[in-house]
Amino acid sequence: MAGWTTLSIIWTCFVLAVVNGRPNVVEFAPPEPQCGYRSCPATSDTMLNVHLVPHTHDDVGWLKTVDQYFYGSRNDIQHAGVQYILDSVIPELLSDPSKRFIYVEIAFFARWWREQDATMKGNVRKLVSEGRLEFVLGGWCMNDEASTHYNAMIDQHTLGFSFLEEEFGDCGRPRVGWQIDPFGHSREQASMFAQFGFDGLFFGRLDYQDKDTRVKQNNMEFVWRGSPKNLGKTSELFTGVLYNHYVPPPGFCFDELCNDEPIMDDERMHDVNIQSRVQDFIKVVKDQAQHFHSNNIMMTMGSDFQYSNAHTWYKNLDKLIKYVNQQQSNGSDINLLYSTPSCYLYNLNHLNQVWNSTKDDFFPYASRENTFWSGYFSSRAALKGYARKSNNFLQVCKQLDVLADLRRQGMFATENLRVFKEALGVVQHHDGISGTEKQHVADDYAQRLAVGAERCQLVTNAAFEKLLPKGSESAPKQVYCSLTNISYCDFTEHQKQFMMTVYNPLGHLITDFVRIPVAGGPYRVVDPKGFNVTAQLVQVTNETKRIPERNKSIATNELVFMVEVPPLGYSTYFIVETNNMDEATSQSSKTVSLPRDQSEIPLYIDNDEYLVNLDNINSNTLGLTNKRKNISIPLNQAIWWYEAHGGNCSKGEFQASGAYALRTKGERHRLQDDTSVYLTTGELVQEAHMNFGPEATEVIRLYKNMPFVEVEWTVGPINIKDKLGKEYITLYDTQSMASGDLFYTDANGREILERQRDHRNTWNFNNTEHVAGNYYPVNSRIFIQDKNQNQQLTVLTDRSEGGSSLESGSLELLVHRRLLYDDHFGVGEPLNETGADGQGLIVRGKHLMILDTIKDSPALHRSLALKSYMAPSVSFSELTMTPEQAMTKYNTQWSALKKPLPANVHMLTLEQWTDTPKIEPIEVPQILIRFEHIYEIDEDPVLSQPAVVDLTDFTTFKIVTMKELTLGANLPLAELNRLPWAYIPDTKEELLTKEKLLNTAISSSASTISLQPMQIRTFVATLDKMH
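Residues numbered from 1 in each chain as written. Predicted model: local features only at pLDDT ≥ 70, side-chain atom pairs only at ≥ 80, totals over all residues. Heavy atoms only, no water.

> Could you give an account of the overall build of the chain, naming the residues involved and the relevant values?
When helices and strands are tallied, the chain shows 19 helices and 50 strands. Computed over the C-alpha atoms, the radius of gyration of the chain is 29 Å, within 12% of the 31 Å expected from 2.2 N^0.38 for a compact globule of 1027 residues. With the C-alpha coordinates of the chain rotated into their principal frame, the extents come out at 100 × 70 × 60 Å. When the 1027 residues of the chain are sorted by exposure, 65% land in the buried category. Restricting the contact set of the chain to residue pairs at least 6 apart, pairs at least 24 apart contribute 76%. When the accessible area of the chain is evaluated, it comes to approximately 36,300 Å², of which 49% is carbon and sulfur surface. (Helix = DSSP H or I, 4+ residues; strand = E, 2+ residues; numbered from the N terminus. Rg over C-alpha atoms; globule rule 2.2 N^0.38 Å. Buried < 20%, exposed > 50% of the residue type's maximum accessible area, 1.4 Å probe, protein only. Contact = heavy atoms within 4.5 Å. Areas by Shrake-Rupley, 256 points an atom, 1.4 Å probe, with all protein chains shown as cover.)

> So what about the packing of helix α3 (residues 82-95) against helix α10 (residues 310-326)? Which residues, and what values?
At their nearest, the axes of α3 and α10 sit 8 Å apart, and the two run at 35° to each other. Between α3 and α10, the contacting residues are Ser88, Val89, Glu92 and Leu93 on the first element and Ala310, His311 and Tyr314 on the second. Looking at the contact of α3 with α10, its residues break down into 4 nonpolar, 2 polar and 1 charged. (Axes fitted to C-alpha atoms, helices over the stretch in contact; angles between N-to-C directions. Nonpolar A, V, L, I, M, F, W, Y, C, P; charged D, E, K, R; others polar.)

> So what's going on with the environment of Asn273? Residues and values would help.
Topologically, Asn273 is positioned in the loop between β7 (236-241) and α9 (274-289). Residues Asn273 and Ala381 lie 108 residues apart in sequence; the distance between their C-alpha atoms is 52 Å. From its side chain, Asn273 meets the backbone oxygen of Pro262 in a polar contact 3.0 Å long. (Polar contact = N/O pair within 3.5 Å; in protein donor to acceptor, adjacent residues only side chain to side chain.)

> So what's going on with the side chain of Glu145? Residues and values would help.
Tracing the backbone shows Glu145 in the loop between β3 (133-135) and α6 (150-168). Although Glu145 is buried, it forms no salt bridge, and the closest oppositely charged side chain is Arg205 at an N-O distance of 9.9 Å. Within the local environment of Glu145, its side chain forms a polar contact with the side chain of Gln179, the two groups lying 3.0 Å apart. A polar side-chain atom of Glu145 sits 2.8 Å from a polar atom in the side chain of His185. (Lys, Arg positive; Asp, Glu negative; His and termini not counted. Salt bridge = Lys/Arg side-chain N within 4 Å of Asp/Glu carboxyl O.)

> Just give me the short version of the packing of α3 against helix α4 (residues 106-114), but keep the residues and values in it.
For the pair α3 and α4, the least separation of the axes is 10 Å and the interaxial angle reads 70°. In terms of axis orientation, α3 runs roughly perpendicular to α4. Between α3, through Val82, Gln83, Leu86, Asp87 and Ile90, and α4, the contact on the second element is made entirely by Phe108, Phe109 and Trp112. When grouped by side-chain class, the residues that make up the contact of α3 with α4 number 6 nonpolar, 1 polar and 1 charged. (Parallel < 35°, antiparallel > 145°, perpendicular 65-115°, else oblique.)

> If you had to explain the sheet that holds strand β41 (residues 843-852) to someone new, which residues and values would you point to?
One open sheet holds the 10 strands; their spatial order is β22-β29-β30-β31-β32-β41-β38-β37-β34-β35, and the pairing between them is antiparallel. Either end of the sheet is taken by a strand with one partner, and the two such strands are β22 (590-593) and β35 (752-756). This sheet shows a mean twist of 20° between the axes of neighbouring strands, independent of strand direction. Summarising the sheet, strand β32 (residues 709-715) and β41 pair through 7 bridges and their orientation is antiparallel. Looking at β41, one finds that Trp713 is bridged to Gly845. (Pairing = 2+ DSSP bridges.)

> Talk me through the sheet that holds strand β11 (residues 357-358); I want residue IDs and the actual numbers.
Pairing is mixed across the open sheet formed by 5 strands, whose spatial order is β4-β5-β7-β6-β11. Sheet topology places β4 (176-179) and β11 at the edges, where each strand pairs with a single neighbour. Alignment of strand β5 (residues 200-203) against β7, held across 4 bridges, turns out to be parallel. When the bridges of β7 are listed, Phe202 appears paired with Gly240.

> Give me the lowdown on helix α11 (residues 341-349), citing residues and values where you can.
With 9 of its 9 residues buried, α11 lies for the most part within the structure. Residues Pro341, Ser342, Cys343, Tyr344, Leu345, Tyr346, Asn347, Leu348 and Asn349 constitute the buried set of α11.

> Outline the pattern of salt bridges, listing residues and values.
As enumerated under the stated definition, the model contains 58 salt bridges in all. Among the ionic pairs, Arg114 bridges to Glu422, the shortest N-O distance being 2.8 Å. Linking Arg114 in helix α4 with Glu422 in helix α13 (residues 411-427), this pair joins segments that are 308 residues apart in sequence. Taking the relative accessible area as the measure of exposure, Arg114 reaches 46% and is therefore partly exposed. With its nearest N and O atoms 4.0 Å apart, the salt bridge here joins Arg380 to Glu437. Here Arg380, found in the loop between β13 (371-372) and α12 (381-403), pairs with Glu437, found in the loop between α13 and α14 (439-467); they are 57 residues apart in sequence, far enough to count as distant. Residues joined by salt bridges that share partners form a network here, namely Arg515, Glu558, Glu687, Arg701, Glu710, Glu712, Arg844 and Lys846.

> Got a sec to walk through the nonpolar core? Specific residues and values, please.
If you look at the biggest cluster of nonpolar residues, it comprises 297 residues, and the most contacted ones within it are Trp178, Phe561 and Phe931. The residues contacting Trp178, other than those within four sequence positions of it, are His55, Ile102, Val104, Val136, Leu137, Met142, Leu201, Phe202, Leu242, Met298, Thr300 and Pro341. Grouped together as the second largest cluster of nonpolar side chains are 5 residues, Trp913, Leu928, Leu965 and Ala969 included. (Core = buried A, V, L, I, M, F, W, Y, C linked by side-chain atoms within 4.5 Å.)

> So what about the side chain of Ser800? Which residues, and what values?
Relative to the helices and strands, Ser800 is located in the loop between β38 (791-797) and β39 (801-804). Among the polar contacts made by the side chain of Ser800, one reaches the main-chain carbonyl oxygen of Ala146 at a distance of 3.5 Å.

> Provide a residue-level description of α4, including the pertinent values.
Owing to its 3.6 residues per turn, the α-helix brings residues three or four apart onto one side. Burial of α4 is extensive: 7 of the 9 residues sit out of reach of the surface. Buried within α4 are the following residues: Ile106, Ala107, Phe108, Phe109, Ala110, Trp112 and Trp113.

> Could you give me a rundown of the pairing of strand β1 (residues 48-54), with the residues and numbers involved?
The buried count for β1 comes to 7 of 7 residues, which makes it a mostly enclosed element. On β1, burial covers both faces: Leu48, Val50, Leu52 and Pro54 on one face and Asn49, His51 and Val53 on the other are all buried. Taken together, the 5 bridges between β1 and strand β9 (residues 334-338) define a ladder with parallel strand orientation. Note that in β9 the partner of Asn49 across the bridge is Asn335. Relative to strand β8 (residues 296-301), β1 runs parallel, the two being bridged by 6 bridges. Pairing of Val53 across the sheet is with Thr300, part of β8.

> Tell me about the packing of aromatic side chains, residues and numbers included.
Taken as a whole, this structure holds 56 aromatic pairs when the rule is applied. On the numbers, 5.8 Å between centres and 50° between planes, the contact of Phe202 with Tyr344 is tilted. With a gap of 142 residues between them, Phe202 in strand β5 and Tyr344 in helix α11 connect regions that are remote in the sequence. The same class applies to Phe202 and to Tyr344, which are both buried. For the ring pair Phe498 and Phe876, a centre distance of 5.8 Å and an interplane angle of 80° mean the geometry is edge-to-face. (Phe/Tyr/Trp six-rings, centres within 6.5 Å; stacked < 30°, edge-to-face > 60°.)

> Describe the pairing of β7, with residues and values.
Counting buried positions along β7 gives 6 out of 6 residues, so the element sits mostly inside the fold. Here β7 shows two buried faces, one formed by Glu236, Phe238 and Gly240 and the other by Leu237, Thr239 and Val241. As defined by bridge partners, strand β6 (residues 221-225) adjoins β7 across 5 bridges and the pair is classed as antiparallel. Opposite Trp224, over in β7, you have Leu237 as the bridge partner.

> Tell me about the state of the cysteines, and please be specific about residues and values.
All chains considered together, the criterion is met by 5 disulfides. Here Cys253 connects covalently by a disulfide to Cys258, the sulfurs 1.9 Å from one another. Taking the torsion about the sulfur-sulfur bond, which here is approximately 40°, the covalent link between Cys253 and Cys258 counts as right-handed. Cys258 sits in the partly exposed class, given a relative accessible area of 22%. (Disulfide = S-S within 2.5 Å.)

This is the structure in structure tokens:
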């Protein structure tokens, strides 16, 4: 028992001179009602308090779809039915005031809640108000932390929080994060949780080497500094690693799905086991307690889909509590009690203890030697890309709902948006966007996104019906094409003339290039002001035509031209096919194909910004030059592959590569069969087409005046006839940049983290897998630097991918996987996506490559990453008149802003906001609005400075009052009073204080708001209802 007595005294006294903290006192308002920390059960200062936490972990899709899990269907796959868990737990809680239960996944709870009658809802509200049923985490799902983008992470939590606030008020507000199953943990997630107002976080999975070290050092609980450089105390979060993952201690699972012995206490029975069970449990308690610093420990009593018969659990736990506590009369100092994570946390907070701190993340996670869970960073690349695009479109829909004032149509837009929000919320699940689900579940996720997008299109159509017409003329229906990435749009391919409306969800003016699949030509393109627009016709490649998902397409060309769209607004362009060459504004591209034996002919593409040298012998790049900065590097850029390791997974050396795990065999392989290069050139875009054979192609593009090189990769169908699983990568090998063992990746699209090859900051790392052990999540960008030559090579992604720098001067990204073995982590099938024709899925994506100085690179990659994930939304409509006539009837260009937002500011959220749903039109409109500073401290001499947003710049609404909320929008920021934690800081860093950020809070009548670097501020605003 020295673990929590002697050690806690030592720890408390350690280096108090450098402790970062404040007096451990929290003042509470009078309790009303008795939920939250006031509802916590009493503990003993002189005993070891064992907080037993009854819980269930309910995956929002994994082996079964979310619907199958809720209803308990397809039990031939897995015996699980969430509705029965809640049906069973609630009566148990109502029967005994001492019992507790926590619930996490609001996607399931909301479904169950909608089916309950008024009596049951009243009973549940009573349990919540008394703190006996507690919601922890509170998101729509328990999201993945590697493959998710911060925008979607915030949204899915806000969705859950708003439901809980609407139904349960402040007693439904979660106070603790509970990421017990995700496969590695992001520092950005910790920062978000702190900004949600959480007092702590508990997670279950930790690298086996890291956990061994922490157990030995009694360092399982610490303060996690989520943004030490930028946000300081507002991002700090007490964090605990669960001792038994998230399952009960061995031998003490009392669920009907378990095989452990129940507690048999009737002395008249032959199989009575109460004495041995009590002693076994006491031993388990002592074993765990020696690795923690206080006289409180927590034990998770539950697991996946447990408590469908809650009585079996509670009956045995009642006995366990009774008989273990009876041992106190014999001198035992162990005190068992029903509890919750927040009550355990509250007891720790009152110890006046000093904790260790960390500023690292917890990637990649390894469960044993040779077993790194870094494959899922790239698993199901198509679904990852679809989720990112869907989030983009959801933001567009929410914005247009507000800007077109659709609230006056009552629940129309609200209900359609709800469908899309919930679909995206489910997909963020740690067995959803991660790509670690069964194939039929992945199909279900994709279908939900498709249905949500269709409902969202109803909202955007309603918005344009209000925004486009100048008078009584009705607006034409907007048509969306979701397959333009493979040159397929049925509408544009069959129209001789049409309108194209481009909506810009950013608060900045954008110029971009569009590519429209067409079957005819030439064309005249007219801009919103009636001026002709230069266009270029680019042939649809044979490689694109073979993609089975576009087998109905008749497009022969893509019409390429540049568009300019005002901030938070739209521009409408007119496309008319014409036989009059004097009238046409489109020009055909020239194709140059060189035989492989003509290597002496210089081959390159260039624009005003870049020059790319090409190798037509090996189908790869030879070099890259930034022409404005006069920076040149050799660059071998091509598609390569690793052989995936097979095995029966019985131990580490036989671990197979699978949906979760990445394990490669041997060195990477170059694609060299049937390689070729040809060029497509024109005034607007130059393209180098690199064919690596039937399994992979690339198109390297340089658009006119654009400061990046676009690399469009297409991989698949991956050949498995040789019975080899394969991991396909894009390689960027400079052969010259001296980046050493350092490289940099983003955290969920926000802050940049430094990575060091074959190294971990907090323990002596023994890397058993050179590739997998050095792979990290790349949500939006990865880069290397040569500090001596002042060079930075940055690659931006359009979806989450795994990436690394395995050698000095090189980068690689894993873009597609096709595997033949299951990695034995539960999914029960290989990651073998067969696609529409059953031959193997073809995946296409884009990278943006930047070569620049270290100083100037952040301004480029920050703005490009923002434009990538908040890309303009393109829709088409019929044109039944001339462009000139249409311009008299429609508003062809429009903006919701008087002037652009500052270049370092992004409007992260704009959506209708109501406290309760109403069928009738909303009389007092409210909106939820978030602004964020998109730069870190010291990234850019100008753009890293604080920013100011003028709230009077909106043209479609007038803000009357504003109230600042926490990041999750469920608590006024002025009422936030998080539990304080003292910790040992890194004295080399200047910490940004919470008070500095709080001083930027505005009054309810202010017309401007200020933002510090990386700060996100959340407001609910009341609008002038007559505006």
